[in-house]
Each structure stands twice: as structure tokens, then as C-alpha cells.
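Structural features, examined
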Amino acid sequence: SVAIRDYGIDKPDLRYGMKLKDLTSIVKGKNFKLFDEAEVVIGIVCEGLATWSKKKIKELEKLAKDQSIGATGLIWVQCKKVEESKGSYGSSVSKFFKDDDLHKWAVQCGAKTGDLICVMAGPDFKTRESMGKFRHEM
């Protein structure tokens, strides 16, 4: 259904955006096993959270792995500066993805300077469901 594709749950709270964005086609083939082996890679934009400390972002990783959400992990990208054709980013996967790659993620997700992109990967339905639950907790 459209609701599960866009929000990860069949009856989403539409008072806030945070639509799920499919990043699968732009993240594969970078020798990052988690993404290369995943059926789908999904991201959401958490507006204004790029300034959060690494400690606070680690709490989001812990939340994502919580039994109530059930994700295998959480990848994050801090959008420090997003411009038309380039940007400056901090990321938990910067070893595999450079700023040019992360800029494509930001564009695909509609992220702006100051936003945090949270990403999950895995089987299609489970990943969307986990991201939907994570979105609800945000």
C-alpha cells in the first residue's frame, strides 16, 4: 500500500512529514556489504538534528535496535551544509561514502542544511516497518 511504502505503517500519523525515501538505487555498488546485500535501503529526514552530538546520535542507534522497533542498525548522515550541487556531511559510513555520494542521499531525501538523515537497510517490508516505528518515536 501507499501508506506502508511512504510511512512504514498502514495508519501513519500525518501531522508531521518524515516520508520514507528509497535510496536503494544510489547506495549500491560502493563495497558496503550491508547496502549491497539489502533488498531495500530507506532513509528519513529528521529536521534540524544535524547539530546533535555523537552521543545523542548513538542514542538514536540504540533506539533503532530496540525490540519495539527491531532494526538491525541505523546509519546516519549529518547534513552540515547542503548546496545545489555539493555539500558537507558527517556520517557513520564516511569510510565507504564520500561527500559527493552523501549529497545524492540528501537530494533524494530532500534534506537541508542542519538536517539528519537516518537510514535502515534490509528486507523490504521489515525495513519499512522498522523505519515507520522509528519515525513514530521521533
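Check the entry above for the structure.
In this report, the structure presented in the accompanying data block is examined.

The rules behind each value
- Residues numbered from 1 in each chain as written.
- Predicted model: local features only at pLDDT ≥ 70, side-chain atom pairs only at ≥ 80, totals over all residues.
- Heavy atoms only, no water.
- Phe/Tyr/Trp six-rings, centres within 6.5 Å; stacked < 30°, edge-to-face > 60°.
- Helix = DSSP H or I, 4+ residues; strand = E, 2+ residues; numbered from the N terminus.
- Buried < 20%, exposed > 50% of the residue type's maximum accessible area, 1.4 Å probe, protein only.
- Polar contact = N/O pair within 3.5 Å; in protein donor to acceptor, adjacent residues only side chain to side chain.
- Contact = heavy atoms within 4.5 Å.
- 1 Å grid on protein atoms, 1.4 Å probe; cavity = no way out; pocket = protein on both sides within 12 Å on 5 of 7 lines; lining within 4 Å.
- Points joined across faces, edges and corners; volume = space filled by probe spheres on them.
- Nonpolar A, V, L, I, M, F, W, Y, C, P; charged D, E, K, R; others polar.
- Pairing = 2+ DSSP bridges.
- Expected span 1.5 Å × (residues − 1).

A word on the packing of aromatic side chains
How two aromatic rings sit relative to each other is set out by the distance from centre to centre and by the angle between their planes. Summed over the entire model, instances satisfying the criterion amount to six aromatic pairs. Centroid distance Phe32 to Phe97: 5.9 Å. Interplanar angle 75°. Geometry classified as edge-to-face. Remark: Phe97 occurs in the loop between β4 (87-91) and α5 (99-109) and Phe32 occurs in the loop between α2 (24-27) and α3 (33-36); sequence separation between them is 65 residues. Summarising the burial analysis for this pair, Phe32 and Phe97 share the class buried. With 5.0 Å between their ring centres and 65° between their planes, Phe97 and Trp105 make a pair best called edge-to-face. In this structure Phe97 comes out as buried when scored by relative accessible area, which is 1%. Feature note: the residues Phe32, Phe35, Phe96, Phe97 and Trp105 constitute an aromatic cluster, connected by ring pairs.

Some thoughts on the side chain of Thr127
Residue position: Thr127 is located in helix α6 (residues 124-137). A distance of 2.7 Å separates a polar side-chain atom of Thr127 from the backbone oxygen of Pro123. Once you skip the residues sitting within four places of it in the chain, Thr127 turns out to touch Val40, Ile42, Met120, Ala121 and Gly122.

Quick word on the layout of surface pockets
Counted as a void, the largest pocket has a volume near 180 Å³. If you trace the largest pocket, you find it lined by Gly17, Met18, Lys19, Lys21, Ile44, Val45, Glu47, Cys109, Gly110, Ala111, Lys112 and Asp115. Here the residues of the lining of the largest pocket sort into five nonpolar, two polar and five charged.

Quick word on the pairing of strand β3 (residues 75-82)
Where β3 meets strand β5 (residues 116-122), four bridges bridge the pair, whose relative direction is antiparallel. Bridge pairing in β5 places Ile75 opposite Val119. Of the pairings in the sheet, the one linking β3 to β4 comprises five bridges and is antiparallel in character. Across the sheet, Val77 pairs through a bridge with Ser91, a residue of β4. Here β3 hands over to β4 after four residues, the two strands then running antiparallel side by side.

Observations regarding unusual backbone geometry
Of note in this structure, Asn31 is not a glycine but carries a positive phi near 60°. Relative to the helices and strands, Asn31 resides in the loop between α2 and α3.

Considering helix α4 (residues 54-65)
If you check α4, its first and last C-alpha atoms are 17 Å apart, about what 12 residues at 1.5 Å a residue would give, namely 16 Å. Along its buried surface, α4 packs onto β3, β5 and α6.

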